[in-house]
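Residue strings, one per chain:
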Amino acid sequence: MFKKILIANRGEIALRIIRTCKELGIKTVAVFSEADKDSLHVTFADEAVCIGPPISKESYLKIPSIISAAQITGADAIHPGYGFLSENAGFSDICRESNIKFIGPSAKMINGMGDKAYAKETMKRNGVPVVPGSDGVISKVEDGLGIASEIGFPVIIKATAGGGGKGMRIAWDKSDFEKAFTLASSEAASSFGNPDCYIEKYIENPRHVEIQILGDKFGNVYHYGERDCSIQRRHQKLIEEAPSPIITPELRKKMGEAAILGAKSVNYEGVGTIEFLVDKHKNFYFMEMNTRIQVEHPVTEMIYDVDLIRQQIIVASGAHVETLPRDPIGHSIEFRLNAEDPDNNFMPCPGKIESLHFPGGFGVRIDSHVYQSYVIPPYYDSLLAKLIVWGKDRPHAIARGKRALEEFTIEGVKTTIPFHLKVLSDENFVSGNFDTGFIDNFLTK
Ligand code: MV4
């Protein structure tokens, strides 16, 4: 097992990782920017190293500074968390070359799954259902138009280097196609330095359902059910839950087996997520694979009674998965509490937290790095806290979520708390009848 892990991240996820390391008896090293000197991850880690100025590029993304911090402190592994360097192939490689275990995927895996057309082809070849579309990337408008006419409109044009909603265009009919294709491709070239795009049948208002998987170096891959992440705004998730209100045990088994098949076909090790689109007939299609721990991992932890970060560290150390999946129990919902103004386009609201009170009680979990009088720096994302509730079923989880959100006090900055309370009294949310169009509909009501 590792003796000392450097956490190349900040905020709630850095704390989350430190907590698990403590329970495993592993020493921790925090890295921090000048803007984060008063952060809890700095306080709670055994050691802390300042790695540069506030701007991420010069601190949390600065590979040489992070490697130096690991070498100076004698860390034998680095946990990247999510965001920042978690899916940076170069960083994964430099860690390996420096004899520091990167608790995440190899550079090859990051590059492979980061190429969306290649990832899709790989999944398709191995029997994972995919959305009908082009085989790989399309270089000429005419070729794309031919395929679009074959599969039928509407179609979606996606950048192979994109993902997470960047570099996508919909063509509703033949007359739209050339413009959409050209736009998608030039946007892809300027955003990702790669103009290559592929084409798919456009699924209208799908649900976003992702399967949590975990693999060890012996080739075992397990799944821990699904999370429903359909409640998003501009590809930013706001509420996630497990299980999904639309997934039956039979469908969970089918999607879980498809996810395991996909992960095994690339010899996946560690934690990962296979994202699926689910259409209104409950057909499911592979969309993307995430090769990192995700923000919303706690809802899975709550219903499967598994510490996913602990498992991630254990398999990275070369051991077998310790907590095997069993049937899920109850229902869990995560609310992302952001320092944003929902009445002003979710504009970030950095500033000082003048007064703070966390809710508590049975079935309430808060993953957060903030405290009273904490000053939210303007340089990073606006996540203040994740409120994760558990209930014996979905109605109980909703009631508990409402109770906990009402108990929550954050003064000094605007937050998404009132927004979440409104969602919780929306009849479509309460009935579980929603898709990825929910938030747009909700906000225009
Ligand atoms: C789609 C789609 C409909 N049909 N692909 C958005 C993020 C990226 N990972 C893929 N996305 C989509 N791909 C086909 N063939 C609709 C979306 C999509 C979406 C997916 C999941 C969650 C929210 C979304 C919001 C808008 C569009």
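Everything numeric in this text was worked out from a predicted model, so none of it was measured.

### Observations concerning the side chain of Thr 415
Assignment of secondary structure puts Thr 415 in the loop between strand S22 (409–411) and helix H13 (417–424). From its side chain, Thr 415 meets the backbone nitrogen of Ile 417 in a polar contact 3.1 Å long. For Thr 415, the residues in contact, after removing those within four places along its chain, are Asn 338, Glu 340, Pro 342, Leu 384 and Ile 410.

### Looking at the pattern of salt bridges
Counted by the stated rule, this structure contains 28 salt bridges. Notably, a salt bridge pairs Arg 336 with Glu 240, separated by 2.7 Å at the nearest N-O pair. Here the residue Arg 336 occupies a position in strand S14 (residues 331–338), and Glu 240 occupies one in strand S11 (residues 236–242), the gap between them amounting to 96 residues. We note that Arg 336, like Glu 240, is buried. Here Arg 365 ties to Asp 367 by a salt bridge, and the two come within 2.9 Å at their closest N and O atoms. Each of the two residues, Arg 365 as well as Asp 367, counts as buried.

### Things to note about the domain arrangement of the chain
Domain boundaries in the chain define domain 1 (4–103), domain 2 (132–201) and domain 3 (207–443). The distance between the C-alpha centroids of domain 1 and domain 2 comes to 38 Å.

### Let's talk about the packing of aromatic side chains
Scanning the model with the defined rule gives 17 aromatic pairs in all. Taking 5.7 Å as the distance between ring centres and 25 degrees as the angle between the ring planes, the aromatic pair formed by Phe 177 and Phe 181 counts as stacked. Here Phe 177 pairs with Phe 181, and both are found in helix H8 (residues 174–192), just four residues apart, close to one helical turn. Judged by centre distance (5.5 Å) and plane angle (70 degrees), the ring pair of Phe 358 and Phe 408 falls under edge-to-face. Of the two residues, Phe 358 is situated in the loop between strand S18 (355–357) and strand S19 (364–368) and Phe 408 in the loop between helix H12 (394–407) and S22; the sequence distance between them amounts to 50 residues. For Phe 358, a relative accessible area of 30% translates into the label partly exposed.

### Regarding the sheet that holds strand S6 (residues 155–163)
Reading across the sheet, the three strands line up as S7-S6-S8 and stay open at both edges, with antiparallel pairing between neighbours. Either end of the sheet is taken by a strand with one partner, and the two such strands are strand S7 (166–171) and strand S8 (197–201). For this sheet, the mean inter-axis angle between neighbouring strands, taken without regard to orientation, is 25 degrees. Bridging between S6 and S7 involves five bridges; their strand directions are antiparallel. Paired with Lys 158 across the two strands is Met 168, which belongs to S7.

Criteria and thresholds
- Residues numbered from 1 in each chain as written.
- Predicted model: local features only at pLDDT ≥ 70, side-chain atom pairs only at ≥ 80, totals over all residues.
- Heavy atoms only, no water.
- Helix = DSSP H or I, 4+ residues; strand = E, 2+ residues; numbered from the N terminus.
- Polar contact = N/O pair within 3.5 Å; in protein donor to acceptor, adjacent residues only side chain to side chain.
- Contact = heavy atoms within 4.5 Å.
- Salt bridge = Lys/Arg side-chain N within 4 Å of Asp/Glu carboxyl O.
- Buried < 20%, exposed > 50% of the residue type's maximum accessible area, 1.4 Å probe, protein only.
- Domains from an automatic or database assignment.
- Phe/Tyr/Trp six-rings, centres within 6.5 Å; stacked < 30°, edge-to-face > 60°.
- Pairing = 2+ DSSP bridges.
- Axes fitted to C-alpha atoms, helices over the stretch in contact; angles between N-to-C directions.

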